Amino acid sequence: MTAVTAPSAVPVGTIRSRSTRQVSWSRRAPLLPALVFVVVVTQVPFVVTIWYSLNSWNLVRPGSRQFVGLANYVHVATDVQFRTALVNTVVLTAGTVIISMVIGVALAVLLDRKFLGRSVVRTLLITPFLVMPVAAALLWKTAMFDPTFGIVDYVLGPLVGHVVWLSRFPLASVMVEMIWQWTPFMMLLVLAGLQSMPTDVVEAAGVDGARPFAIFRELTLPHLRRYIELGVVLGAIYVVNEFDSIYMMTQGGPGVSSTNLPYYIYERAFLGFDVGQSAAMGVVVLAGTILVATIALRLIFTSFTGREEAA
Amino acid sequence: MMAATDTLAAPPRAATRPTPAIRRRRRPGIGNVVWGVVAWLVGILFFFPVLWMVLSSFKTEAAAYTNVPQFVFSPTLAEYRHVFSSGVGSYFLNSAIATVVSVVAVLLLGTPAAFALSLRPIKKTSDALFFFLSTKMLPIVAAIIPLFVAAEAVHMLDNVWTLVILYTAMNLPIAVWMMRSFLLEVPSELLEAAEMDGARLWRSLREVILPVVSPGLAATALICAIFAWNEFFFAVNITAARAATVPVFLVGFISSQGLYWAQLAAAATIATLPVVLAGWVAQRQLVRGLSFGAIK
């Protein structure tokens, strides 16, 4: 009690030895509300999902629920559509993240120069990221990719002929829309990375006669590495769970040609009412995500803890 | 140019000739003008779809449906009138409640957590952080069925407070990450002073640390608000007529109105406007928040 009333007079060591347990609790207690909340709302459902996945349960047939063990998983393993959705998810995620990062780096390099109206151009460029995803998908489906009065057809029609983009290239069309939305995000991260770069090194290299491209490859890219990693990991977190674009633009079709895993599971759960099977798919996706996430998080962790120690 | 070939092979720090000013001065000029024009063109290209949406929203349906895009037309507010008369107000209210309340809840829960995680000697800090971010990576679609069943069991389907709870949980992990990185910028003496005096921890948190980190809090709040306002998956699956938010309104507008692009464009513009304006105004906070505070 005395230590509490006059803490500043007591040396640090005394407090630590007084009651380490109490101190460590006062440190950890503020963490608990958030931790408990996140566990209850986001983790408990996953455990329940595992239980559901062991049952056969169709929502439209009351009383149909029964324990079936691993039968749902056997079904998932032999589901060709599930495999298509898996491949689509990988293609969509990798394609979107990689292409928007490449464009993002190029735009960031462009914006790193001084020119008239630079802040206006930056504002124009970040806008796609701010547009509500549902509205963006609607915009691309209706105004851009429409076969009769869409802008894409108007511009590319004379070159490649009349194309019904959303049914000829459904996955690529969705990807174009998502790249449009995610490029600004990548650009902002990389631009901030560029602007944090020490200018003297670059100038010295420039003085030394190194070509701009050589400077970019030898100095700029290594510096940008952790920003690029951060953008890739954060982008992938969101893109791998993408639902809105597919729901709005193609409904996963034609067939399952543009169905990704989130959309497929949604279809099975909310349109097919098959709880057991969609739960089993959810668990499979969950396991895969944990595997990939562990690797990805390690990646940004090394670059970030490294950064903090250096700072 | 002649020097370029032989110096390229040498490491950059071997540069010893101190003639920086002369070469630097020559750069800005015609080259920068060219790149500036390129940047403007690309910026307009990226912005064009949004511009087109806004333009279309001021057109009549007939003018919006043309094979050749029309840039000159006589603007009309008819489509906006139509959207407002279709009862968009209650959807806006739901979105506002879900966004504002969830952001406040995120800050209230997340700030102490981030504070605890930014104190250096705590063990398992990276484990806790790892856990928080990993929850963000899990496919939300795998959790929606139990959430739906649970909400139904407690009669909270189609209830805006269910959205508040879900949005809080959805944003909390990234918020904790962001705010921890902002707290790490606070001088460690400040944090240690707060930490030593356990009984007055809350007071020092409020009076000493919060003023220092408030820009970071603003960035965090902005990002969480954007994600909450734009969220569609939860909203479409657990709400119906009463608690539906703006994105759900937009989607419902399509099916009920068919393909009336001018009208849809007006609805989409209204739905998008709050976040776009907020993002434009707070660009710096946006960058700080999006990079989890890694970028100052």
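This structure is a prediction, so every number in the text was calculated from the model and none was measured.

**Student:** Mind showing me how you'd approach the overall build of chain B here?
**Tutor:** The number of helices and strands found in chain B is 15 helices and 0 strands. Classification of the 296 residues of chain B by burial places 53% in the buried group. Expressed as a percentage of contacts within chain B between residues at least 6 apart in sequence, the contacts between residues at least 24 apart total 76%. Counting only carbon and sulfur atoms, one obtains 68% of the accessible surface of chain B, whose full area is about 13,500 Å².

**Student:** Sorry, what's going on with unusual backbone geometry here?
**Tutor:** With glycine set apart, most residues show a phi of negative sign, and most peptide bonds adopt trans. All names here are of chain A. Residue Pro-254 is bonded to the preceding Gly-253 through a cis peptide linkage, with omega at -5°. In this structure, Pro-254 sits in the loop between α14 (244-249) and α15 (261-271). For Phe-273, which is not glycine, the phi dihedral falls at a positive 60°. One can find Phe-273 in the loop between α15 and α16 (275-310).

**Student:** Just to check I follow, could you spell out the interface of chain A and chain B for this structure?
**Tutor:** Often the size quoted for an interface is simply the accessible area lost on bringing the parts together. At the interface, 110 residues of chain A touch 111 residues of chain B. At the boundary of chain A with chain B, the tally comes to 0 salt bridges. Counting every contact that joins chain A to chain B gives 5 residue pairs in polar contact (both at pLDDT 80 or more). Residue contributions to the side of chain A that touches chain B peak at 18 residues, all from α16(A). Across the side of chain A that touches chain B, the residue classes tally to 80 nonpolar, 17 polar and 13 charged.

**Student:** What is the right way to read the pattern of salt bridges from this model?
**Tutor:** For side chains of opposite charge, pairing can occur when their charged atoms come near one another. Residues and elements named next belong to chain A. Evaluated as defined, the whole model comprises 3 salt bridges over all chains. With its nearest N and O atoms 3.6 Å apart, the salt bridge here joins Asp-79 to Arg-268. Separated by 189 residues along the polypeptide, Asp-79 in the loop between α5 (71-77) and α6 (80-111) and Arg-268 in helix α15 bring together distant segments of the chain. Classification of Asp-79 by relative accessible area gives buried; the value is 10%.

**Student:** How should the confidence of the model for chain A be read in this particular structure?
**Tutor:** Overall, the prediction assigns chain A a mean pLDDT of 83, with 87% of residues at 70 or greater. Contacts for the low-pLDDT stretch residues 306-311 of chain A, under 50 throughout, to residues beyond four places or in other chains number 7 contacts.

**Student:** Could you clarify how one ought to interpret the nonpolar core in this entry?
**Tutor:** One broad trend across soluble globular proteins is that nonpolar side chains are buried collectively. B:Tyr167, B:Trp261 and B:Leu286 are the most contacted members of the largest nonpolar core, which totals 174 residues. Top element by residues in this core is helix α11 (residues 170-195) of chain A. It accounts for 16 residues. Looking at this core, you find at least three residues from each of domain 1 (2-52) and domain 2 (72-310) of chain A. One finds A:Ala205, A:Ala210, A:Ile215 and A:Leu219 within the second-largest nonpolar core, a separate group that totals 5 residues.

**Student:** What exactly am I supposed to notice about the packing of aromatic side chains here?
**Tutor:** Centre distance and the angle of the planes are the two values used to describe a pair of aromatic rings. In total, this model carries 28 aromatic pairs over all chains according to the counting rule given. Residues A:Trp165 and A:Phe169 carry aromatic rings whose centres are separated by 6.0 Å and whose planes lie at 40° to one another, so their mutual orientation is tilted. Between the aromatic rings of A:Phe270 and B:Phe148, the centroid separation amounts to 5.5 Å while the plane-to-plane angle is 85°, which identifies the pairing as edge-to-face. With one member in each of two chains, A:Phe270 in helix α15 and B:Phe148 in helix α8 (residues 144-153) form a pair that bridges those chains. By way of ring pairs, the aromatic residues A:Phe243, A:Tyr247, A:Tyr263, A:Tyr266, A:Phe270, B:Phe148, B:Phe232, B:Phe233 and B:Phe234 are connected into one cluster.

**Student:** Is there a simple way to think about the packing of helix α6 (residues 88-118) of chain B against helix α9 (residues 160-183) of chain B in this case?
**Tutor:** Packed helices, taken two at a time, are described by the angle their axes make and the gap between the axes. Residue and element names in this part refer to chain B. With their axes 6 Å apart at the nearest point, α6 and α9 run at an angle of 35° to one another. Judged by the twist between their axes, the crossing of α6 over α9 is right-handed. Among the residues forming the contact of α6 with α9, the class breakdown is 21 nonpolar, 7 polar and 1 charged.

**Student:** What exactly am I supposed to notice about α9(B) here?
**Tutor:** An α-helical turn contains 3.6 residues, so a residue and the one three or four places further along point in the same direction. Residue and element names in this part refer to chain B. Compared with the 34 Å implied by 1.5 Å per residue over 24 residues, the 32 Å span of α9 between its first and last C-alpha is a close match. A maximum bend of about 40° is found in α9 at Leu-172, where proline Pro-173 lies one to four positions downstream. Of all 24 residues in α9, 22 are buried; the element is thus mostly enclosed. Put simply, Asn-159 is the residue that caps the front of α9, since its side-chain oxygen is 2.8 Å from the backbone nitrogen of Trp-161.

**Student:** I tried to follow a nonpolar patch on the surface on my own but got confused; where do I start?
**Tutor:** Side chains of A:Tyr154, A:Val155, A:Leu156, A:Leu159, A:Val160 and B:Val68 sit close together on the surface and give an oily, nonpolar patch of about 570 Å² of accessible area. Along the polypeptide, B:Val68 turns up in the loop between α4 (61-64) and α5 (78-85).

**Student:** Is there a simple way to think about helix α3 (residues 30-57) of chain B in this case?
**Tutor:** Compared with an ideal rise of 1.5 Å per residue, which puts 28 residues at 40 Å, α3(B) spans 39 Å between its outermost C-alpha atoms and is within 8% of the ideal. Along its length, α3(B) shows its largest kink, about 45°, at B:Phe48, and proline B:Pro49 lies within four residues downstream of that point.

**Student:** Help me out: how do you make sense of empty space enclosed by the protein in this one?
**Tutor:** Any empty space left between atoms is shown by rolling a water-sized probe over those atoms. This model, assessed by the stated rule, comprises 4 cavities of 30 Å³ or more. For the largest cavity, the calculated volume is near 750 Å³. What lines the largest cavity is a set of 35 residues, and nearest its centre among them are A:Tyr238, B:Lys136, B:Met170, B:Phe227 and B:Glu231. Considering only residue class, the lining of the largest cavity consists of 24 nonpolar, 6 polar and 5 charged.

**Student:** Help me out: how do you make sense of the confidence of the model for chain B in this one?
**Tutor:** The predicted structure's coordinates, where accompanied by low pLDDT, should not be read in detail. Residue and element names in this part refer to chain B. A residue-level look at chain B finds 78% of positions with pLDDT of 70 or above and a mean pLDDT of 79. Put simply, helix α1 (residues 2-9) is where chain B has its lowest mean pLDDT, 38, and helix α12 (residues 233-238) is where it has its highest, 92. For the stretch residues 1-26, pLDDT sits under 50, and the model shows 20 contacts to residues farther than four places along the chain or on other chains.

Criteria and thresholds
- Starting afresh in each chain, residues are numbered from 1 along the sequence in its written order.
- Written order determines the labels here, with chains lettered from A and ligands numbered from 1.
- Whole-chain, interface and lining totals are the exception, using all residues; otherwise, since this is a predicted model, local features are given only for residues with pLDDT of at least 70 and side-chain atom pairs are given and counted only at 80 or more.
- Computation of side-chain values covers all heavy atoms of the structure but excludes hydrogens and water.
- The helix and strand labels rest on DSSP assignments: H or I over at least four residues marks a helix, E over at least two residues marks a strand, and numbering proceeds from the N terminus.
- Only protein chains enter the calculation, and the probe is 1.4 Å; a residue is then buried if its accessible area is under 20% of its type maximum, exposed if over 50%, and partly exposed in between.
- Note on definitions: a residue-residue contact is assigned when non-hydrogen atoms from the two residues lie within 4.5 Å.
- For every accessible area listed, the method is Shrake-Rupley and the probe measures 1.4 Å; residues are considered covered only by the protein chains on display.
- Between Lys or Arg on one side and Asp or Glu on the other, a salt bridge is scored when a side-chain nitrogen of the former is within 4 Å of a carboxyl oxygen of the latter.
- Under the rule applied, a polar contact is a pair of N or O atoms within 3.5 Å (in protein, one hydrogen donor and one hydrogen acceptor; residues adjacent in sequence only if both atoms are side-chain atoms).
- Nonpolar residues are Ala, Val, Leu, Ile, Met, Phe, Trp, Tyr, Cys and Pro. Charged residues are Asp, Glu, Lys and Arg, and all others, Gly as well, are polar.
- pLDDT measures the predictor's confidence residue by residue and takes values from 0 up to 100.
- Side-chain atoms within 4.5 Å are what join buried Ala, Val, Leu, Ile, Met, Phe, Trp, Tyr and Cys residues into a set we call a nonpolar core.
- Domain limits in this description derive from either an automatic procedure or a database domain assignment.
- Stacked, edge-to-face and tilted are the three classes for Phe, Tyr and Trp ring pairs, Trp counted by its six-membered ring, which pair at centre distances within 6.5 Å; planes under 30 degrees apart are stacked, over 60 edge-to-face, the rest tilted.
- Axis geometry follows a simple rule: fit a line to the C-alpha atoms, using only the stretch in contact for helices, then measure angles between N-to-C directions, giving values from 0 to 180 degrees.
- The hand of a helix crossing depends on one turn: near helix anticlockwise from the far one by less than a right angle means left-handed, and clockwise means right-handed.
- Under the convention used throughout, the expected extent of a helix is 1.5 Å for every residue step, that is, one less than its residue count.
- The quantity called bend is, for any residue, the angle between two axes fitted respectively to the seven residues ending at it and the seven beginning at it.
- Patches here are clusters of residues that have more than 30% relative accessible area and form no salt bridge, with a 9 Å joining cutoff for like charges and a 5 Å cutoff for nonpolar side chains (Val, Leu, Ile, Met, Phe, Trp, Tyr).
- Buriedness of a pocket was judged along seven lines, with at least five required to meet protein on both sides within 12 Å; pockets are open sets of points on a 1 Å grid over the protein atoms alone, cavities are sets where a 1.4 Å probe fits but cannot get out, and lining residues have an atom within 4 Å of a point.
- Grid points are joined across faces, edges and corners, and a volume is the space filled by probe spheres set on the points.

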